[in-house]
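Understanding the architecture of this molecule
The residues making up each chain are set out below.
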Amino acid sequence: MSAAPDTGRAVIVDLPHGPADDPQDRAGLAALAARHLMDPRAGGPGTLARARVWHTRHQLAPHCSSFAFWSGLDDDLAEVGTAFALAVPPGADRLRELVAAQLRLATAYRDDPYTRLLDLLEATATGAPDRPALGTEQSLAAIGPQDVRAYLAANCGDRAVTHRSAGDDAPAPAPGAVRQPRPRHWRGGRRTVPLPGAVVRVALALPVDPPAPGALELAVELLGSHGLGGRLARALRGERPLAYGLGAFRLGGPDGRGTAALAVQAQVAPDHAREALHLLRETVHSVLSGPVPEAERRDASARLRTALLSQVDQPFGAVDERRRRLRGEPELTALAAAVGERALDGLLPSVAPGLTPATVALGAVPEDFLESGTWA
Amino acid sequence: MGMTSVDLGGLRVRLLERPGARTTGAVLLVRAGSADDRPAALGAAHLAEHLRIAAGPPGPASMPPVRGVTDNTTTRFSAVSLPEDAPALAARLAGLLGTSDLADTVFEAERQAVLVEHRQAAANPLLALGPAVADAALPGHGLAATRWADADALARLTPADTAAFTDRHYRRAVAGLALTGPSLDPDRILAAIDAAARPSPPAAQGAYEAYAESDAADAADAADGPSEDRGRRGGHPLALSPELDGLVLLSLTCDPAATDHLTALLGPEGTAQAAALRHGHPVLGRTSLTGRSPSGRAVAVHVLCWRAGADADRLADSLAAGAPAYRAAATAPEALARASLRRRQEDAHAARTPLGAAAALLGEAPDGPASPAPPVRQAPPVPEGLALWRVDRGVLRRHV
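Model, not experiment: these values are computed from the prediction. (Residues numbered from 1 in each chain as written. Chains lettered and ligands numbered in written order. Predicted model: local features only at pLDDT ≥ 70, side-chain atom pairs only at ≥ 80, totals over all residues. Heavy atoms only, no water.)

Helix and strand counts for chain B come out as 14 helices and 11 strands. Sequence-distant contacts in chain B: of pairs separated by 6 or more residues, those separated by 24 or more amount to 82%. Surface exposure of chain B reaches about 16,600 Å², of which carbon and sulfur atoms provide 56%. (Helix = DSSP H or I, 4+ residues; strand = E, 2+ residues; numbered from the N terminus. Contact = heavy atoms within 4.5 Å. Areas by Shrake-Rupley, 256 points an atom, 1.4 Å probe, with all protein chains shown as cover.)

The following block contains the structure:
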């Protein structure tokens, strides 16, 4: 059998200014600058990527604006590093266009019910939510061309860090100087946001003690990260067909800073919201209290390892792994290995004592919906 | 040595090793889709896809779920696994070529899931209008077949309908299976596939003949109906929401193979999109529909869509008047070179993952025989051409 060529190469350029670094009254500056840099008219990396028809990706982290470029051809992606310094700052008219486009995106995010649920859960779990990374109408209106010019001058030169996919000869940047977000303290509590409609979204997050590597991820998969193949689906789709959609996830950064939580959510009819919350709670506790049979752990581990390693097989997968390593973040291949170990030793997270869970409801329920009842 | 390509009792199997990959990807392609629905059982293809996943041979609980997509002429199943599970993955997909007992609750649950999908598609302008435009541009080729079934048609479906569809179309001879991953063991994988895929037994032939007779009866019934019935089999017209008013669409009928000329004309930097952008209208989306002529010839209609609102007439006029110019511009050497670059990048990106590489092995237009075609009906020859459309008060109209 012949082997398929492992085509493609990728580069990531990290600028050391993310939404958490935006001035208080100019939230959205990092996102706006990124939008400008990727504009094919700006003369920067967006222009180069457009000319070469590269695939691109942009991600914001609290202290980082990360740009990724991928080519399936024999391109010299190294050029992209210098392209950042070539971007011409926008004039007033171009900036107005960028702000309008960013506001449309911010509105789309804000109107998405799932995003709203996650924001509500995060805010309830840890206190006040972060300032919106994309900014608001008011904060974006306060940003002038001089702000973007200053951002580009401060971040697109020597402070930019370039990561290349394995196999390239270019020297790797020295690790370090990677700023991590401040740990968020757990608060917990209950919040209901009444909204019209036929669907109620409920979610629950239980803070857990710092678990062994891979343990929290395995617990998520035992519940069902996409609502399939786990205990949540059996409880809320099989034994009681209540949920239109459901899933488990980790609340808290992958770097392990701050309090991590095991979170679950479901979409149900208003009449089923109370029962669904009780079932979510019972199902989460069934995993955290254990014991979970080894066969079930092994199956969940294999599903999760497949999902993690599939991400490494994506076009940006190799360079993402290299970047994680250099930034001191857990690599997905290492996480997959840890998950395999947890399937064998059975180490799973336990509920953090003394911390209040976060419980939220969004939809056609009364404002005092969560005031009575034991939710966690 | 080239790629491993084996005929397993009619089933086309392709294996390709990718040493650096961390997972194995697999795709099963059945060359039958909604256009193969009998008029009396619209929606059977889509529901059969759901049921084969939900009630088919159980895979290991350690394996991620199989995903399915039904379009007009094909049904595609895909899944990934850890490399060591590649034989089990192959068996899981090959086992979809068969039948199995079905609980009533599973049938009803999947019927509801299909209904939800149909509602979601109806709410998306491009998913709702693309098939309608394609079918209007080239009637009689099943280009809107995925939209033939409405809620009433789905409610009428019985387990016997979907079992008959599966029995007729889920056969080795009209399917292909591809795997890509590291350290593939061809002997083990091929043995697993051969053991899992239903052979084409003589007993099944009887059911097939009975099904064909039903088709003949359906065809006779259809022949008595009005010729306009081509886009609304079973008497269910395609309904367009008034919310779609103000949309402008461009359709291009051609052979299914993607070409640089097509990319130069309709692609993201294509001359047609540029022509609309000059009027301030970025494209809302693009879709491609494939169909089949009564003789089995594959056809495609590509559709671009703009939301022009009150400016719809002006945009449609301009796109109609400017068509000769932007069609000619798409044949310029620079435009074709640019389109070639884009296509090579897109192809490389799509095939970068094991799953994408497996899909690429089967290709968009498999070289195997198509599923048994419905009874031959008279249809116009395939015209190659471009047309513009508008939605006006809930009605799709060709813009003249």
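With that out of the way, let us pick up the overall build of chain A. Within chain A, the regular secondary structure consists of 13 helices and 9 strands. Within chain A, the fraction of its 376 residues that count as buried is 49%. In chain A, the proportion of contacts linking residues at least 24 apart, taken out of those at least 6 apart, comes to 80%. Accessible surface computed for chain A: about 16,700 Å², of which carbon and sulfur atoms make up 53%. (Buried < 20%, exposed > 50% of the residue type's maximum accessible area, 1.4 Å probe, protein only.)

Taken residue by residue, a regular strand's side chains alternate between the two faces of the sheet. Residues and elements named next belong to chain B. Direction of pairing for strand β4 (residues 67–70) relative to strand β5 (residues 75–81): antiparallel, over a ladder of 4 bridges. Paired with Gly68 across the two strands is Phe77, which belongs to β5. Connecting β4 to the antiparallel partner β5 that follows it, the hairpin turn spans 4 residues. (Pairing = 2+ DSSP bridges.)

Our next topic: helix α2 (residues 45–52) of chain A. Residue and element names in this part refer to chain A. Burial in α2 covers these residues: Pro45, Gly46, Leu48 and Ala49. Along the axis of α2, the buried residues cluster in a sector spanning 160°; they form a single face. Of the surrounding elements, those touching the buried residues of α2 are α1 (29–37), β2 (55–61), β3 (64–71) and α3 (79–83). Directly beyond the C-terminal end of α2, a positive phi value near 55° is found at Val53. (Arc of directions from axis to C-beta.)

Attention shifts here to the side chain of Glu110(B). Among the secondary structure elements, Glu110(B) is positioned in helix α3 (residues 104–122). Buried within the structure, Glu110(B) lacks any salt-bridge partner; Arg237(A) is the closest side chain of opposite charge, at an N-O distance of 6.6 Å. Residues in contact with Glu110(B), not counting those within four places in the same chain, are Leu47(B), His50(B), Leu51(B) and Ala54(B). (Lys, Arg positive; Asp, Glu negative; His and termini not counted. Salt bridge = Lys/Arg side-chain N within 4 Å of Asp/Glu carboxyl O.)

As a further point, take the sheet that holds β5(B). Residue and element names in this part refer to chain B. Pairing is mixed across the open sheet formed by 6 strands, whose spatial order is β1-β2-β6-β3-β5-β4. The sheet is open, and its two borders are formed by β1 (4–8) and β4, each paired with just one other strand. The average angle at which neighbouring strand axes cross in this sheet is 15°, direction not considered. (Axes fitted to C-alpha atoms, helices over the stretch in contact; angles between N-to-C directions.)

Applying the stated criterion to the full structure yields 5 aromatic pairs over all chains. Arranged with centres 6.3 Å apart and planes meeting at 85°, the rings of Phe69(A) and Phe84(A) form a pair that is edge-to-face. Of this pair, Phe69(A) sits in strand β3 while Phe84(A) sits in the loop between α3 and α4 (92–111); the two residues are 15 residues apart in sequence, bridging distant segments of the chain. Exposure remark for Phe69(A): the relative accessible area of 0% places this residue in the buried category. With 6.1 Å between their ring centres and 65° between their planes, Phe77(B) and Tyr170(B) make a pair best called edge-to-face. Remark: Tyr170(B) occurs in the loop between α6 (159–169) and β6 (175–181) and Phe77(B) occurs in strand β5; sequence separation between them is 93 residues. (Phe/Tyr/Trp six-rings, centres within 6.5 Å; stacked < 30°, edge-to-face > 60°.)

Turning our attention to the interface of chain A and chain B. Tallying the contact residues gives 31 residues for chain A and 36 residues for chain B. Summed over both partners, the interface of chain A with chain B comes to about 3,000 Å²; 59% of that surface belongs to carbon and sulfur atoms. Across the chain A-chain B interface, the total number found is 1 salt bridge. Taken together, the links from chain A to chain B amount to 8 residue pairs in polar contact (both at pLDDT 80 or more). Those elements giving two or more residues to the side of chain A that touches chain B turn out to be α2, β3 and α11 (294–312) of chain A. By residue number, the principal contributor to the side of chain A that touches chain B is α11(A), which donates 8 residues. By residue class, the composition of the side of chain A that touches chain B is 14 nonpolar, 9 polar and 8 charged. (Buried area = accessible area lost by both parts, 1.4 Å probe. Polar contact = N/O pair within 3.5 Å; in protein donor to acceptor, adjacent residues only side chain to side chain. Nonpolar A, V, L, I, M, F, W, Y, C, P; charged D, E, K, R; others polar.)

A few words now on the confidence of the model for chain A. Model confidence for chain A is summarised by a mean pLDDT of 88, while 89% of its residues fall at 70 or above. Ranking the elements of chain A by mean pLDDT puts helix α9 (residues 231–239) of chain A last with 86 and α1(A) first with 97. (pLDDT = per-residue confidence, 0-100.)

What follows is about the side chain of Gln267(A). All names here are of chain A. Its place among the elements puts Gln267 in strand β8 (residues 261–268). Of the polar contacts made by the side chain of Gln267, one reaches the side chain of Gln265; its length is 3.2 Å. Excluding residues that lie within four positions of it along the chain, Gln267 makes contacts with Val199, Val200, Arg201, Leu242, Ala243, Tyr244, Gly245 and Leu246.

Right, let's talk about the sheet that holds strand β4 (residues 161–164) of chain A for a bit. Residues and elements named next belong to chain A. In spatial order, the strands read β2-β3-β1-β4; together these 4 strands make up an open sheet with antiparallel pairing. Edge strands, defined here as strands with exactly one partner in the open sheet, are β2 and β4. With direction set aside, neighbouring strand axes in the sheet form an average angle of 15°. Across 7 bridges, the pairing between β2 and β3 is antiparallel. When the sheet's bridge partners are listed, Arg57 is paired in β3 with Ala68. Each of β1 (9–15), β2, β3 and β4 touches helix α12 (residues 317–326); the most contacted strand, β1, lies at about 40° to it.

Another aspect to go through is the nonpolar core. Ranked by size, the top nonpolar core spans 47 residues in total, and within it Val202(A), Leu236(A) and Leu262(A) carry the most contacts. Contributing elements (two or more residues each) for this core: β6 (200–207), α8 (215–223), α9, β7 (243–251), β8, α10 (273–289), α11 and α13 (332–345) of chain A. A total of 8 residues in this core trace back to one element, the largest contributor, which is α10(A). If we skip the residues at most four places from it in the chain, Leu262(A) touches Leu204(A), Ala205(A), Leu206(A), Val208(A), Leu216(A), Ala219(A), Val220(A), Leu223(A), Phe249(A), Val284(A) and Leu288(A). Leu8(B), Leu97(B), Val114(B) and Trp148(B) belong to the second largest nonpolar core, which has 46 residues in total. (Core = buried A, V, L, I, M, F, W, Y, C linked by side-chain atoms within 4.5 Å.)

Here we take up the environment of Thr253(B). Residues and elements named next belong to chain B. Considering the arrangement of structural elements, one finds Thr253 in strand β7 (residues 247–254). Its relative accessible area of 4% is what places Thr253 among the buried residues. For the pair Thr253 and Thr290, spaced 37 residues apart in sequence, the C-alpha separation works out to 9.9 Å.

The next thing to look at is the pattern of salt bridges. Pairs can form between side chains of opposite charge once their charged atoms are near each other. Scanning the model with the defined rule gives 34 salt bridges over all chains in all. In this structure, the salt-bridge partner of Arg327(A) is Glu329(A), at a minimum N-O distance of 3.1 Å. Here Arg327(A) falls in the buried class, since its relative accessible area comes to 14%. You can call Glu329(A) partly exposed: its relative accessible area is 23%. The network of salt bridges with shared partners includes Arg50(A), Glu269(B), Arg338(B), Arg342(B) and Glu346(B).

Quick look at the packing of α8(A) against α11(A) now. Residues and elements named next belong to chain A. Between α8 and α11, the shortest axis-to-axis distance is 9 Å and the interhelical angle comes to 100°. If you check the angle between α8 and α11, you find them roughly perpendicular. In this structure, α8 uses Glu217, Leu218, Glu221 and Leu222 to contact α11, whose residues at the interface are Glu296, Arg297, Ala300, Ser301, Arg303 and Leu304. The residue inventory of the contact of α8 with α11, partitioned by class, reads 4 nonpolar, 1 polar and 5 charged. (Parallel < 35°, antiparallel > 145°, perpendicular 65-115°, else oblique.)

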